[in-house]
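# Examining the three-dimensional arrangement
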Amino acid sequence: MSKATAVANPNIAFVKYWGKSDETLNLPANPSLSMNLAALTTITTVEFRPGLRVDAVTIDGRPAVGESFDRVVAHLDRVRSLVGITARACVVSRNDFPAGTGLASSSSAFAALSLAAIRAAGLDLDEPALSRLARLGSGSACRSVPAGFTLWEGDSDGTSFARQVAGRGHWDLIDVIAIVAYQHKRVGSNNGHSLAPTSPLHEARLAAVPGWLKTVLRGIQDRNLDAVGSCMEADALAMHGVMMTSVPSLLYWTPETVSVLQAVRSWREEGMGVYLTLDAGPNVHCLCESADALETEKRLRNLAGVQDVLVSGAGDGVRPVAYHLF
Ligand code: DP6
């Protein structure tokens, strides 16, 4: 056993994963499709140390505690039982973007942790197996394993993983992210999923997903932003409708979120090709082609309440790197 380090990018879903058919196996209520974000990274080093009594986990310079610690340990347990080892591990992970703000940090976190832990334990997995493993840590993490644009489908443990539908170079799509809040969200998405079936809108959204997915897949193939963007926006609003009408209700939006939504709509009426989506948080992802990215960024920066803007094209899949964090 040795030390291993992996880098992963979070992903932004064009068709979302919201609700699970199996909570333990993280099997989703519907297939989803996303783009990895090259400009945002999580880097994670893992070393199994036979002498260690408990796992030691440091995230962004602080010891992990509570639920985030438990989730990492549970994932290390999966790797230990897969490989047949008992040694505890030392894990150090760092994000270069704010975690817990709807920027899908769990997707890159569990993709990077899966690859680093598997390699540190001396095993190699093919891409589907690694994607399945990452899924058990956090559903959306399975989509950060392949590169570029990825589709997560399948309805059993063995068949539920993500595969690439287009490489990162296929289309110069840019995600221009308006950060309107940095605080940690109160209800994380992994707790929110279980509330989805309590919403009267959940089944209606699930019924609409296959049509959106088909249009988005074709739209990616044809590099048709209007097709991808209109379905992406419809699904994001449907998902937030489900969240808002769950019992208890989840409301991730702030007044600044709504300001950005209104601004993006008015820019589109002016003829700009820009569409939005949001994860389980208040920050707004604005999708456009590279020719419009600078103008979108400039306009977002001028909006009151926008604290920062991140800009990212399509990213790679999870990959090993030769340097370590400790
Ligand atoms: C709103 O992958 O964070 O970002 O599987 O419980 O870890 P767990 O949930 P998670 O859910 C992501 C939900 C989302 C939509 C999406 O990325 O598809």
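Residues numbered from 1 in each chain as written. Predicted model: local features only at pLDDT ≥ 70, side-chain atom pairs only at ≥ 80, totals over all residues. Heavy atoms only, no water.

## Regarding the overall build of the protein chain
Counting its regular elements, the protein chain contains 8 helices and 16 strands. Its C-alpha atoms give the protein chain a radius of gyration of 19 Å, near enough to 20 Å, the size a compact globule of 326 residues would have. Across the 326 residues of the protein chain, 54% fall into the buried class. Excluding contacts between residues fewer than 6 apart, the proportion of contacts in the protein chain whose partners are at least 24 apart in sequence is 76%. Roughly 13100 Å² of accessible area belongs to the protein chain as shown, and the carbon and sulfur atoms make up 52% of that amount. (Helix = DSSP H or I, 4+ residues; strand = E, 2+ residues; numbered from the N terminus. Rg over C-alpha atoms; globule rule 2.2 N^0.38 Å. Buried < 20%, exposed > 50% of the residue type's maximum accessible area, 1.4 Å probe, protein only. Contact = heavy atoms within 4.5 Å. Areas by Shrake-Rupley, 256 points an atom, 1.4 Å probe, with all protein chains shown as cover.)

## A few points about the pattern of salt bridges
Under the counting rule described, the total for this entry stands at 17 salt bridges. Of the charged contacts, one joins R119 and D124 as a salt bridge, the two residues approaching to 3.8 Å between their closest N and O atoms. Judged by its relative accessible area of 35%, R119 is partly exposed. Look at the salt bridges and you will find they share partners, linking D55, D77, R80 and R88 into a network. (Salt bridge = Lys/Arg side-chain N within 4 Å of Asp/Glu carboxyl O.)

## Here we look at the side chain of H193
Structurally, H193 is set in the loop between α4 (189-192) and α5 (202-222). You can call H193 buried: its relative accessible area is 5%. One polar contact links the side chain of H193 to the main-chain amide nitrogen of G19, over a distance of 2.9 Å. In this view, H193 contacts Y17, W18, G19 and K20; residues no more than four positions away in its chain are not counted. (Polar contact = N/O pair within 3.5 Å; in protein donor to acceptor, adjacent residues only side chain to side chain.)

## Notes on the nonpolar core
Judged by nonpolar contacts, the single largest core of 30 residues is most densely connected at V46, F48, L76, V79, V91, L113 and V318. Of all the secondary structure elements, the ones that give two or more residues to this core are β1 (3-8), β6 (42-49), α1 (66-83), β9 (88-95), α2 (105-120) and α3 (127-137). Not counting chain neighbours up to four residues away, the residues in contact with L76 comprise V46, F48, D55, A89, V91, L113 and A117. L151, C231, L310 and A314 belong to the second-largest nonpolar core, a separate cluster that totals 29 residues. (Core = buried A, V, L, I, M, F, W, Y, C linked by side-chain atoms within 4.5 Å.)

## Things to note about the sheet that holds β9
Overall, mixed pairing links the 6 strands, which are arranged β8-β7-β9-β6-β1-β16 in an open sheet. Lying at the two open borders of the sheet, with one neighbouring strand each, are β8 (62-63) and β16 (319-321). Helix-sheet contacts for α1 involve β6, β7 (56-59) and β9, and the interaxial angle to β9 is about 125 degrees. Set on the sheet, α2 makes contact with β1, β6, β9 and β16; between it and β6 the angle comes to about 35 degrees. (Pairing = 2+ DSSP bridges. Axes fitted to C-alpha atoms, helices over the stretch in contact; angles between N-to-C directions.)

## Regarding the site of the ligand
Residues in close proximity to the ligand total 18 residues, the closest being Y17, K20, S138, G139 and S140. Here an oxygen atom of the ligand and a side-chain polar atom of S138 are 2.6 Å apart. A distance of 2.8 Å separates an oxygen atom of the ligand from a polar atom in the side chain of R143. A class-by-class count of the residues in the shell around the ligand yields 5 nonpolar, 8 polar and 5 charged. (Near = heavy atom within 4 Å. Nonpolar A, V, L, I, M, F, W, Y, C, P; charged D, E, K, R; others polar.)

## Some thoughts on the packing of α5 against helix α6 (residues 225-244)
The N-to-C vectors of α5 and α6 enclose an angle of 160 degrees; their axes lie 9 Å apart at closest approach. Considered as vectors, α5 and α6 are oriented roughly antiparallel to each other. Here α5 and α6 pass one another in a crossing that is left-handed. Every residue of α6 that contacts α5 at H202, R205, V209, W212, T215, V216, G219 and I220 is listed here: A227, V228, C231, A234, D235, A238, M239 and V242. Looking at the contact of α5 with α6 residue by residue, the classes come out as 11 nonpolar, 3 polar and 2 charged. (Parallel < 35°, antiparallel > 145°, perpendicular 65-115°, else oblique. Left-handed = near helix turned anticlockwise from the far one by under 90°.)

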